[in-house]
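Remarks on the overall topology
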Amino acid sequence: MTDRTAYLELIRELVNGDAEAYRERCAELDEKGWDELGIVVGAAFFLAARQRRVTFQDEAAIIRYVAETRAEMADTSFDLDPAVAEKLFAATTTGDTDELDNVDPNLIIESEMLLLWKLLRPLSADELSRFLAEVDSLSAQWAEGE
């Protein structure tokens with residue numbers, strides 16, 4: 001069984017805005033490896049987006065949400081590719097990932113992380129812990145299926 005704790009904590013630190021802990025976790029992962037980051041972040045994004053699906057009832061709602069997210073990042077060094085973000089949300093809604101086939105996997109992970117920052121911020125510490133436990137379970141299922 002793979003220990004995904006470092007990836008899960010990376011998400012927690014991102015959501016909590018703990019820049020120092022986030023940098024330290026990245027340094028730790030640079031040494032240990034980033035092998036399952038994509039699976040864990042993908043599972044987190046999938047669950048978070050599915051939980052918010054009521055908010056994303058149509059394409060216009062997705063476009064507005066992505067625009068709001070980008071506006072909140074305006075004073076940071078981060079930027080979110082709106083086309084990729086919209087495709088990610090559409091894929092969680094429809095289950096069709098074909099439009100993501102030609103997108104750089106690193107850009108997908110980066111986009112999912114930036115979207116998670118916004119999607120998960122409203123959660124309390126307890127809710128975030130429960131959510132990350134669900135992510136751990138789903139990512140373990142996905143890793144077994146590969």
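Further up the page is the structure itself.
Since we're looking at a predicted model, the values are computed, not measured.

As a further point, take the overall build of the chain. Secondary structure assignment for the chain yields 7 helices and 0 strands. Secondary structure elements of the chain occur, N-terminal to C-terminal, as α-α-α-α-α-α-α. Computed over C-alpha atoms, the radius of gyration of the chain comes to 15 Å, within 12% of the 15 Å expected from 2.2 N^0.38 for 146 residues, which places it in the range of a compact globule. Dimensions along the principal axes, computed over C-alpha positions, put the chain at roughly 40 × 40 × 30 Å. When each of the 146 residues of the chain is scored for burial, the buried share is 41%. Excluding contacts between residues fewer than 6 apart, the proportion of contacts in the chain whose partners are at least 24 apart in sequence is 73%. Considering the chain, the positive charge centre built from 14 side chains and the negative charge centre built from 32 side chains are found 6 Å apart.

One finds Ile 11, Phe 89 and Phe 131 to be the most contacted residues of the largest nonpolar core, which totals 45 residues. Elements represented by at least two residues in this core include exactly α1 (5-16), α2 (19-32), α3 (37-51), α4 (59-72), α5 (82-94), α6 (105-120) and α7 (125-145). Each residue touching Ile 11, except ones within four places of it in the same chain, is listed here: Val 40, Val 41, Ala 44, Met 113, Leu 116, Leu 120 and Leu 132.

With that settled, consider the environment of Ala 125. Within the secondary structure layout, Ala 125 lies in helix α7. Judged by its relative accessible area of 58%, Ala 125 falls in the exposed class. Taking the C-alpha atoms as reference, Ala 125 lies 9.1 Å from Arg 12; in sequence the two are 113 residues apart.

The next thing to look at is the packing of aromatic side chains. Counted according to the given criterion, the structure contains 3 aromatic pairs. Between Phe 45 and Phe 89 the ring centres are 5.2 Å apart and the planes differ by 50 degrees, which places this aromatic pair in the tilted class. You can see Phe 45 sitting in helix α3 and its partner Phe 89 sitting in helix α5, a full 44 residues away along the chain. A single burial state applies to Phe 45 and to Phe 89, both of which are buried. Plain terms: the ring middles of Tyr 65 and Phe 89 are 5.7 Å apart, the flat faces sit at 90 degrees to each other, and that makes the pair edge-to-face. Of this pair, Tyr 65 sits in helix α4 while Phe 89 sits in helix α5, placing them 24 residues apart in sequence. The class for Tyr 65 is buried, based on a relative accessible area of 5%. Take Phe 89: its relative accessible area is 0%, and that puts it in the buried class. Among the aromatic residues, ring-to-ring pairing joins Phe 45, Tyr 65 and Phe 89 into one connected group.

Definitions and cut-offs
Residues numbered from 1 in each chain as written. Predicted model: local features only at pLDDT ≥ 70, side-chain atom pairs only at ≥ 80, totals over all residues. Heavy atoms only, no water. Helix = DSSP H or I, 4+ residues; strand = E, 2+ residues; numbered from the N terminus. Rg over C-alpha atoms; globule rule 2.2 N^0.38 Å. Buried < 20%, exposed > 50% of the residue type's maximum accessible area, 1.4 Å probe, protein only. Contact = heavy atoms within 4.5 Å. Lys, Arg positive; Asp, Glu negative; His and termini not counted. Charge placed at Lys NZ, Arg CZ, Asp CG, Glu CD. Core = buried A, V, L, I, M, F, W, Y, C linked by side-chain atoms within 4.5 Å. Phe/Tyr/Trp six-rings, centres within 6.5 Å; stacked < 30°, edge-to-face > 60°.

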